[in-house]
Amino acid sequence: AVIGRKVKLRRAGTEFVGLCPFHDENTPSFRVNDDKGLYYCFGCGAGGDVIRFLMEEQGLSFRDAVRALSHEAALPAASRRDPIRRAAKVSADRQAAIEDAKSEWRGARPVRGTPAELYLASRGITGPFPWSVKFGRVPLWRNRETGAVGRRTPALLLAAQNQNGAICGIQHVFLTEDGRKLPRGNAKRSLGQIRGCAVRLSPPARRIILVEGPEDGLTLRLREDRVPIWITLGTGMIPFVELPPIVEHVTLAGDNNAPGRAAVAKAQEHFEGLGLTVDTMFPPPRFEDWNDELLGKEIVRQ
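Everything quoted here is computed from the prediction, not taken from an experiment.

About the thresholds
Residues numbered from 1 in each chain as written. Predicted model: local features only at pLDDT ≥ 70, side-chain atom pairs only at ≥ 80, totals over all residues. Heavy atoms only, no water. Phe/Tyr/Trp six-rings, centres within 6.5 Å; stacked < 30°, edge-to-face > 60°. Helix = DSSP H or I, 4+ residues; strand = E, 2+ residues; numbered from the N terminus. Buried < 20%, exposed > 50% of the residue type's maximum accessible area, 1.4 Å probe, protein only. Lys NZ or Arg CZ within 6 Å of the ring centre and 35° of its normal. Pairing = 2+ DSSP bridges. Right-handed = clockwise from strand over helix to strand, strands pointing away. Axes fitted to C-alpha atoms, helices over the stretch in contact; angles between N-to-C directions. Salt bridge = Lys/Arg side-chain N within 4 Å of Asp/Glu carboxyl O.

(A) Up close: the packing of aromatic side chains. Across all of its chains, the model carries six aromatic pairs by this definition. The interplanar angle of 50 degrees and the centroid separation of 6.5 Å between the aromatic rings of Phe-30 and Phe-53 together place this pair among those described as tilted. Taken together, the residues Phe-30 in strand E3 (residues 30–33) and Phe-53 in helix H1 (residues 50–58) connect sequence positions 23 residues apart. In terms of burial, Phe-30 and Phe-53 fall into one category: buried. Put simply, the rings of Phe-22, Phe-30, Tyr-39 and Phe-53 touch in pairs and so form one group of aromatic residues. Cation over ring: Arg-195 sits above Phe-240, and NZ or CZ is 3.9 Å from the ring centre. The ring of Phe-282 carries Arg-261 above its face, with NZ or CZ at 3.8 Å from the centroid.

(B) Fine view of the pairing of strand E13 (residues 249–253). Most of E13 sits inside the fold, with four of its five residues counted as buried. Note that strand E11 (residues 207–211) and E13 share five bridges and pair parallel. If you follow Arg-207 over to E13, its bridge partner there is His-249. Pairing analysis gives five bridges linking E13 to strand E14 (residues 277–281), with the strands arranged parallel. Residue pairing for E14: Thr-251 is matched across the bridge by Asp-279. In this region the chain leaves E13, passes through helix H7 (residues 258–273) and returns to the parallel neighbour E14; the handedness of that crossover is right-handed.

(C) Looking closely at the sheet that holds strand E8 (residues 167–174). With antiparallel pairing, four strands are arranged side by side in an open sheet as E6-E7-E8-E9. Looking at the sheet topology across the chains shown, the edges are occupied by strand E6 (133–139) and strand E9 (188–192). Taken pair by pair, the neighbouring strands of this sheet meet at an average axis angle of 35 degrees, ignoring direction. Across seven bridges, strand E7 (residues 152–161) lies against E8 in antiparallel orientation.

(D) Looking closely at the pattern of salt bridges. Evaluated as defined, the whole model comprises 15 salt bridges. Close ionic contact of Arg-31 with Glu-15 constitutes a salt bridge, the shortest N to O distance being 2.5 Å. Linking Arg-31 in strand E3 with Glu-15 in strand E2 (residues 15–18), this pair joins segments that are 16 residues apart in sequence. The exposure class assigned to Arg-31 is buried, which follows from its relative accessible area of 17%. The partner of Lys-188 in a salt bridge is Glu-215, with the nearest N and O atoms 3.4 Å apart. Placement of the pair is Lys-188 in strand E9 and Glu-215 in helix H6 (residues 214–223), with a sequence separation of 27 residues.

Printed below as a string of structure tokens:
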């Protein structure tokens, strides 16, 4: 009842699914289990109970979230559930998704000579490509409750690393055999833990550039070979990237739209609060993002 006011949910067996409110996605990976009183996103790893949802979604303290829920009829039933059991279930689901991501990555191959190379070429992006960008044939979807998986589909794979450099998740860009992005709104999906991680196109350094999407990150890499570029895999994920201690200076490369500029402003406040030097960069005003600039695709003004 609480989450459904923020997320459009549909029933899927014993659970409800919808688009995650904590990161950008086209295919629903956000699941709500009413019986267990839990939510979990297999894309970014966000999860918890209804109190945690309000804390994350509205930026409330624990006390304020409980106060907001005090008017909800379902609160007494939720408060009787065992918080240790709930936390253990969320942790187990998250770890299982991370292991699935690692398994997919072990089966991946270099981009050269694959549909992924054709796709990137269509976006003006050429190799050689870093080790964190590969090609694979992976399930289009997974049902963790039943163990069922979808058909294996060509995909551009990008490895998301945590603060310590360990691979915790994968971003998929699903493709056709001739290198076009898969239609029907399910071209992108994340597996494992994405929140807090980044796709490192180069090793850590004292200064890095953070950018939202795979195509934009690989575009910037073509023209900027001195500063490492890391991809956050979602506009809303930029402020949550956990950086290694070596990083002292962060350049935020944003999109020329309202969500992009809002995310950059939030990230700038966050990283400056950590004592880092922060600056920003955006494409020229007539382009919405960095790949559009590369392709000469200007914003259409109404």
